[in-house]
Each structure stands twice: as C-alpha cells, then as structure tokens.
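Descriptive analysis of the structure
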Amino acid sequence: MVKILDGKVVRDKIAEELTKKIERFIKAPLARRPRLVIIQVGSLPESNTYIRQKILFGKKIGAVVNLQNFKQKIDERSLINQISRFNSQKNIDGIIVQQPIPQHLDKNKIVDSIEPAKDVDGQTSINFKKLIENDPTGFVPATTKGVLILLKHYKIPIAQKHVVVVGRSSLVGKPTALSMLNKDATVTVCHSKTQDLEKITKLADILVVAAGKPKLITKNHVSKNQVVIDIGINVVGEPINTDLVGNRLDKRLENEPPGHKLIGDVDFKEVSKIVAAISPVPGGVGPMTVASLFQNLLEAYKE
Ligand SMILES: NC(=O)c1ccc[n+]([C@@H]2O[C@H](COP(=O)([O-])OP(=O)(O)OC[C@H]3O[C@@H](n4cnc5c(N)ncnc54)[C@H](OP(=O)(O)O)[C@@H]3O)[C@@H](O)[C@H]2O)c1
C-alpha cells in the first residue's frame, strides 16, 4: 500500500508550533509580532492566489503579513530603493519578492537588494552561497526546506540514498539538489537535455520532480520501493467556481491556489500504484512551502 506524504497534515502541525512560539514571544515586554513583507509587481492572478495563501497562513499563526504592491511598469531603481527602505525598518523581519516579476526588471539584481538576514525565501546570492557551502546560518529556500521537513516528518532518511532531482532551476531544482547533497545523499540532477530520463529516474531511492510539465513522470519512470516527491504545480483547465467568501480560514487554506484544478509533474494515479510513498498535488509540497517560509520568518525574527 502506497504511503501518501500529506503536506497539509505537516503544515497544520507546523502552524500549531509557530502559533505557540509567537504567543510566547509576544508576552515579553515591548515585544512585537513577526512581520513579513511580500513585494508584488503587477497583479498576476496566479501570484495573487499564492500570496493569499501566505497571508492566510500568517494570520493563522499570529504573524503580520504586509503586501506591498507596485505598478507593473515600476523601474528597477525605484523598486530597489523601496526594498532598501524595508531593509532598514527594524520592525520588518522578512522580505520576499513574489515571482515572476516583469521582464524589464533584472530579477537577480532585485532579489539581491534584499538584506540577506531578511531573505526568508533564501533567494539572494549570499544565501545561495551559504547553501553551497552547507553553512547553516543561511536561509534555505522555502520549497526546498518544505521537502526536507516533509521527508523528516515521515521518517524517510536522506543520507546515503540516491536522490534524483528532475529540474535544475535556481528557485527549486538546484537548491533542492544541494540540500540533499548537504544531507549526504548521492545526487543526480536531470533536466530537459537529459538522455534516457526513464533509466535514471528508475534508479532513485528518492525521486524529486520540479519540471513544471504535467504528468512528465509516468509508470515507466519509477520502480517499487521509491519515494516520489512531486513539486510541480500545473494549473489545468478553466478556473473552478469557488465561493470562498465566508469559509473558515482552515477551509480556505486547503486550496492551493484556490479556484483552480491543479496537477503535478507526476502521473499520480499510475505512479502511486508502483512506488512506496508519494506526495500528492495539491496537498503535498505546496502547503509545506508556505509553512517553511514562516519557519524561516521566525528564525529571522529571533535573530
Ligand atoms: N510546490 C511549490 O511550492 C512550488 C514552488 C515553486 C515552484 N513549484 C512548481 O515547480 C515546478 C518547477 O518550477 P521551476 O521554477 O523550477 O520551473 P523552471 O524554472 O521552468 O524549471 C524547470 C526545470 O525542469 C526542467 N525540465 C523541463 N522539461 C523537462 C523534461 N521534459 N525533462 C526533464 N527536465 C525538464 C528544465 O530543464 P532545463 O533547465 O534544461 O530547461 C528546468 O531545469 C513548476 O510546476 C512550479 O509551479 C512549486
């Protein structure tokens, strides 16, 4: 029987832990709540739904989340000036730039203008270098951290295992591969030019997929006893009609992003008949990413 790696269960456990911690912290004299600033440029519908998940989670645990929305045509200098302003504000603990940002802005320059100590999504080059060097003082990107915590929760060891990561983006694939390496796995990274993907993925003990290609991984790519982590989030079909207004907060957090049918990069129906454990989409890595972002925020706050 396949084991389902349920990210919602783990997210809720983390939410409880973080709520208790924040309640404890704010009892101290003059203490304030942890504060996250989300920078959004423009107003992409997908980004809006991901941002809403972060705001809801923040509200649930008692953190403050401020959404700073800037016009689509803002220039690089003005945006960097705004980020510098947030960097210098002592009551702001974490800053993230919601991706994607418009093409006229240099993504690396914008992200690197975040003070590394407030870079709670681990996207600055300083935090990336710390990841390369296995320096624990850096922030691990939220999605990667979410994957590690999901595996830990289900007592799935990483050390000495062969981990195959499909995808090599700076946002997900590379940091996840590096983190696995830091945890003493033997790591293979695959990408769109990889030959014989099926042969390589079949050799994995843990197969992590972050390609953004619906059902890329089929029953032909997997073997029994494997653990499969599906990071992919692909929105398919028309938005579904969800009147979420008035629903309980917990209910609204269930949907990531609300109002859309989502599928992963793995053909869940077929693959789950073969492997030992698998994370579903939705309900697997998605909720973990939000929870881990706030774990990082609390670390930044404590500092
Ligand atoms: N669960 C979450 O919280 C979360 C967070 C972030 C992202 N995501 C999702 O994760 C997925 C990946 O995101 P991303 O930002 O890493 O995307 P990305 O920047 O587009 O990178 C995709 C990677 O997959 C590789 N790839 C594409 N087609 C492939 C194929 N046929 N065979 C093997 N490799 C292939 C690409 O190879 P090349 O380098 O050769 O082009 C690239 O390295 C997306 O679905 C995204 O929505 C989920």
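Residues numbered from 1 in each chain as written. Predicted model: local features only at pLDDT ≥ 70, side-chain atom pairs only at ≥ 80, totals over all residues. Heavy atoms only, no water.

**Overview of the sheet that holds strand S3 (residues 64-70)**
Here three strands make up an open sheet; going across it, the order is S3-S2-S4 and the pairing parallel. Every interior strand has two partners, whereas the edge strands, S3 and strand S4 (94-97), have only one. Along the sheet, successive strands turn relative to each other by an average axial angle of 20°, direction set aside. The sheet contact formed by strand S2 (residues 35-41) and S3 spans seven bridges and is parallel. (Pairing = 2+ DSSP bridges. Helix = DSSP H or I, 4+ residues; strand = E, 2+ residues; numbered from the N terminus. Axes fitted to C-alpha atoms, helices over the stretch in contact; angles between N-to-C directions.)

**Comments concerning the domain arrangement of the protein**
Domains assigned within the protein are domain 1 (30-117) and domain 2 (142-286). The distance between the C-alpha centroids of domain 1 and domain 2 comes to 26 Å. (Domains from an automatic or database assignment.)

**Brief notes about the site of the ligand**
Close to the ligand lie 21 residues; Arg 168, Ser 169, Ser 192, Ile 233 and Thr 289 are nearest. One nitrogen or oxygen atom from the side chain of Ser 169 is found 2.4 Å from an oxygen atom belonging to the ligand. Contact distances for the ligand include 2.7 Å between an oxygen atom and a side-chain N or O atom of Thr 289. The dominant element in the shell around the ligand, judged by the number of residues it contributes, is helix H11 (residues 285-302), at three residues. (Near = heavy atom within 4 Å. Polar contact = N/O pair within 3.5 Å; in protein donor to acceptor, adjacent residues only side chain to side chain.)

**What about the sheet that holds strand S7 (residues 206-209)?**
Spatially, six strands are ordered S1-S11-S8-S7-S5-S6 in an open sheet, and the strand pairing comes out parallel. Lying at the two open borders of the sheet, with one neighbouring strand each, are strand S1 (3-4) and strand S6 (186-190). With four bridges joining them, S7 and strand S8 (residues 227-230) adopt parallel strand pairing. Note on S8: the bridge partner recorded for Leu 207 is Val 228.

**Comments concerning the environment of Pro 287**
Along the chain, Pro 287 turns up in helix H11. You can call Pro 287 buried: its relative accessible area is 2%. Along the chain, Pro 287 and Gly 7 lie 280 residues apart, while their C-alpha atoms are 5.7 Å from each other. (Buried < 20%, exposed > 50% of the residue type's maximum accessible area, 1.4 Å probe, protein only.)

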